[in-house]
Amino acid sequence: MTLSLHWIALFLAVPALLFADLRWTGFALLVLAYGAALIVGQLSAPALLVIALLAVAAYAISPRRSRLIRIAGHALFIALAIGLGLHAWPGFHNERVIVSERMTPDALPFTMFLNLDKPLTGFWLLLALPGLAAARRTAVTLNTTLLCVLPTAVACLCAAQLLGVVHWAPKLPPDSILWALNNLLLVSFAEEALFRAYLQGGLTRLLAHDHRGEWIALCMSAVLFGLAHAAGGWQWIVLATIAGAGYGVAYRYGGLRAAVLTHFGLNAAHFFLFTYPMLQAHPGVHA
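Small disclaimer: the values here were computed from a predicted structure and weren't measured.

Asker: For this particular structure, what's the right way to read the overall build of the protein?
Answerer: In terms of regular secondary structure, the protein is built from nine helices and two strands. The secondary structure elements of the protein, listed N-terminal to C-terminal, are α-α-α-α-β-β-α-α-α-α-α. Its C-alpha atoms give the protein a radius of gyration of 19 Å, near enough to 19 Å, the size a compact globule of 287 residues would have. For the C-alpha atoms alone, the extent of the protein along its principal axes is close to 55 × 50 × 35 Å.

And the structure:
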């Protein structure tokens, strides 16, 4: 598949936003991406309303506003983020790029979309709250990722095998590069920005008076991450909670970039080495 201009711009916006010095470059790429998507018909009027409401939420959470207005702004963002994550808000015509493909004979058919809605939560967070992506030295990011990704992947994928969700199934599907770009730059980025940088980071600050606060925040965000995967059944709640704990440790010691890379590392191990998305006997999953 040849990627359109707006998808290339959207992919490039993510690494730009993750580096403070390139924040406005990332914003310009987002304007280009969503403007081009509007022109080609992948966005319509209801989506523009959602984007406008995100702008209102960003205005409301400014430190210059009263406490009540800031709380209302965060509540508005959370409501919008839930709808965007569930693909419930109208006006976003996401592009289906993999259609009911079986990665292995025993796997459930897999369909993948390039989404314009869900990544908006991550973009909003890094633009409205740039401190969430506070930079860590590259060596710290990489070392933390290396220390977290293997135990997280082993724990989660061994549990998935014990629960009968996946089998060992090494492969190199034809759409691997597109899957990797989407999973790293849109899926992992958006989920980690929301669950780790926003929820875990915010809870850590709220519980700063408690010496156990950062670990309570980590556990709470991991459980919420697990519950967000409830559509896949109780097995996916368990597995996503285990994964969320690993991502939380990566975030605690290496920041958002380490959490994103750890998340992608587990997903890549699942995709390339095990049944993907799961064995036929289980309910369907779409990305």
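Asker: What is the right way to read the packing of helix α7 (residues 176-206) against helix α8 (residues 213-227) from this model?
Answerer: Describing two packed helices takes the angle between their axes plus the distance from one axis to the other. Following both chains from N to C, one finds α7 and α8 inclined at 145°, their axes separated by 8 Å at the closest point. When the axes of α7 and α8 are compared, the crossing they make is right-handed. Residue-level inspection shows Glu-191, Phe-195, Arg-196, Leu-199, Gln-200, Leu-203 and Thr-204 of α7 in contact with α8, the latter providing Glu-214, Ala-217, Leu-218, Met-220, Ser-221, Ala-222, Leu-224 and Phe-225. Its residues placed into classes, the contact of α7 with α8 shows nine nonpolar, three polar and three charged.

Asker: Help me out: how do you make sense of unusual backbone geometry in this one?
Answerer: A negative phi angle characterises most non-glycine residues, just as the trans form characterises most peptide bonds. Backbone torsion omega between Tyr-276 and Pro-277 reads 0°, so that peptide bond is classified as cis. Mapped onto the fold, Pro-277 is located in the segment after α9 (234-273). One non-glycine residue, His-87, lies in the positive phi region at around 55°. Here His-87 shows up in the loop between α4 (67-85) and β1 (95-101). Under the relative-accessibility criterion, His-87 is labelled partly exposed at 37%.

Asker: Help me understand the nonpolar core, please; the structure alone is not making it clear to me.
Answerer: Among the nonpolar cores identified, the biggest contains 76 residues, and Leu-10, Tyr-34, Phe-77, Phe-123 and Trp-179 are the most heavily contacted of them. By residue number, the principal contributor to this core is α9, which donates 14 residues. Excluding residues that lie within four positions of it along the chain, Trp-179 makes contacts with Phe-110, Met-112, Phe-264, Asn-267, Ala-268, Phe-271, Phe-272 and Tyr-276.

Rules of the game
Per-chain numbering applies: the sequence of each chain, read as written, is numbered from 1 onward. Totals for whole chains, interfaces and linings use every residue, but because this is a predicted model, local features are given only for residues with pLDDT of at least 70 and side-chain atom pairs only at 80 or more, for both listing and counting. Where side-chain values are given, they derive from all heavy atoms of the structure, hydrogens and water being excluded. Runs of H or I in DSSP of at least four residues are treated as helices and runs of E of at least two as strands, each being numbered from the N terminus. Throughout, radius of gyration means the C-alpha value; the globule benchmark is 2.2 Å times the number of residues raised to the power 0.38. In this analysis, axes come from line fits to C-alpha atoms, helices being fitted only over the stretch in contact, and the angle between any two N-to-C directions falls in the range 0 to 180 degrees. Here is the rule for handedness: rotate from the far helix to the near one, and if that takes an anticlockwise turn smaller than a right angle the crossing is left-handed, while a clockwise turn gives right-handed. We call two residues in contact whenever any of their non-hydrogen atoms come within 4.5 Å of each other. Under the convention adopted here, Pro, Cys and the residues Ala, Val, Leu, Ile, Met, Phe, Trp and Tyr are nonpolar, Asp, Glu, Lys and Arg are charged, and Gly plus all remaining residues are polar. Only protein chains enter the accessibility calculation, which uses a 1.4 Å probe; a residue is then buried when its area is under 20% of its type maximum, exposed when over 50%, and partly exposed in between. Buried residues of nine kinds, namely Ala, Val, Leu, Ile, Met, Phe, Trp, Tyr and Cys, make up a nonpolar core once their side-chain atoms join them within 4.5 Å.

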